[in-house]
Amino acid sequence: QGLSSPMLRCPSQRLLDRIVRRYAEVPDAGSIYMDHLTDRDKLRLLYTLSVNSHPILLQIFPDVEGWPFPRYLGSCGRLVVSASTRPLRDFYGAAPEVAADLALQLLAVLRSMGTNDLNYFFFFTHVDAGTFGVFSNGHLFIRDASTLGIIDKEEGSQLIDSQQEYKDIFSCLTVDCQSAFVSCNSIREKHSLVMVCQELLPKLLKGKFLQPVQEKIDSFLQHCADGLTDDQSVDEAVAKLAELLKPLRSCDSRFAYRYPDCKYSDKY
């Protein structure tokens, strides 16, 4: 309890079980007996979770199961090895059809992080141009998962008021010991969408299209960014933005992750 990692601000037993069972840096990862962690393993896991939960997230929600993260290949101390991506900032000057494609992928990733079969709700505590990355085939992924928090929609949060003041032995290494926990109940489902509409999509889509299309895009982004108290207005703005962007994409070999499927499927 009390780890400073955003990932564990709102813990549930189901999430903690998943972390322990899928932690890959032990000889018997995945054991059903849960007795395979030595004291050294436990300390290493707690330290990693406290300092940077990114490698743990990549292990417990792997890309082979469809999660939008790069593949985890291993780690050594603070060094993490994973598949390479280019940061989203590299595409701020991209062609209009590329920008439209990435914006749609970004909205789809956020949708999947809010609604998925495992009933985990992922939210960002911070986003910037390095949070997301793009593979060479044009596929967009979450490049930096260290600012992701998780709320268990199935079990709910088990963090109660009396536990919020508890501090683990690692917290003071990376953050201010007096920093307050964010209330799990105060995090709205559209939290990440609003942040992305404020910080990333305007830079990606600014001045890319002819009028009146550009004016409509800017208007939808503004409605989304201003939707701090009205989830419905955010939903409507995002739905209209996606509808406007879909015909602006192209179907060619630059988008290898969906080509040539896009020629034959309405999905794209």
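Just so it is clear, the structure is predicted and the values come from calculations on it, not from any experiment.

Colleague: In this structure, what is going on with the confidence of the model for the protein chain? I would like to understand it.
Modeller: Looking at the protein chain as a whole, its pLDDT mean stands at 83, while 81% of the residues score no less than 70. Overall, residues 160-166 carries pLDDT values under 50, and its contacts beyond four positions in sequence, including any with other chains, amount to seven contacts.

Colleague: Even after reading the chapter, I still don't get the packing of helix H6 (residues 191-199) against helix H8 (residues 213-225), so can you show me in this structure?
Modeller: In a packed pair of helices, the relevant descriptors are the angle between the two axes and the axis-to-axis distance. Relative orientation of the contacting elements H6 and H8 amounts to 135°, with a least axis distance of 8 Å. Accordingly, the angle class assigned to the pair H6 and H8 is oblique. Every pair of crossing elements has a handedness; the one defined by H6 and H8 is left-handed. On the side of H6, the interface is formed by Leu-193, Val-194, Cys-197 and Gln-198, while H8 contributes Leu-221, Cys-224 and Ala-225. By residue class, the composition of the contact of H6 with H8 is six nonpolar, one polar and no charged.

Colleague: What is the right way to look at the pattern of salt bridges in this model?
Modeller: When their charged atoms lie close together, side chains carrying opposite charge are able to pair. Applying the stated criterion across every chain yields a total of 12 salt bridges. A salt bridge links Asp-152 to Arg-14, with the nearest nitrogen and oxygen atoms 2.8 Å apart. Of this pair, Asp-152 sits in strand E7 (residues 148-152) while Arg-14 is found in helix H1 (residues 13-22), placing the two residues 138 residues apart along the sequence. Side by side, Asp-152 and Arg-14 carry an identical accessibility label, which is buried. The residue Arg-254 makes a salt bridge to Glu-97 at a minimum N-O spacing of 3.0 Å. Separated by 157 residues along the polypeptide, Arg-254 in the segment after helix H9 (231-245) and Glu-97 in helix H4 (residues 96-114) bring together distant segments of the chain. What makes Arg-254 partly exposed here is its relative accessible area of 40%. According to the relative accessible area criterion, Glu-97 is partly exposed, its value standing at 21%. In this structure, a network of salt bridges that share partners links the residues Arg-14, Asp-152 and Glu-154.

Colleague: Just checking my understanding: could you explain the packing of H4 against H6 for this structure?
Modeller: Following both chains from N to C, one finds H4 and H6 inclined at 160°, their axes separated by 9 Å at the closest point. By the angle between their axes, H4 is roughly antiparallel relative to H6. Relative to H6, the crossing made by H4 is right-handed. Of H6, the residues touching H4 (which contributes Leu-106, Leu-107 and Leu-110) are Ser-192, Leu-193 and Val-196.

Procedures and definitions
- Residues numbered from 1 in each chain as written.
- Predicted model: local features only at pLDDT ≥ 70, side-chain atom pairs only at ≥ 80, totals over all residues.
- Heavy atoms only, no water.
- pLDDT = per-residue confidence, 0-100.
- Contact = heavy atoms within 4.5 Å.
- Axes fitted to C-alpha atoms, helices over the stretch in contact; angles between N-to-C directions.
- Helix = DSSP H or I, 4+ residues; strand = E, 2+ residues; numbered from the N terminus.
- Parallel < 35°, antiparallel > 145°, perpendicular 65-115°, else oblique.
- Left-handed = near helix turned anticlockwise from the far one by under 90°.
- Nonpolar A, V, L, I, M, F, W, Y, C, P; charged D, E, K, R; others polar.
- Salt bridge = Lys/Arg side-chain N within 4 Å of Asp/Glu carboxyl O.
- Buried < 20%, exposed > 50% of the residue type's maximum accessible area, 1.4 Å probe, protein only.

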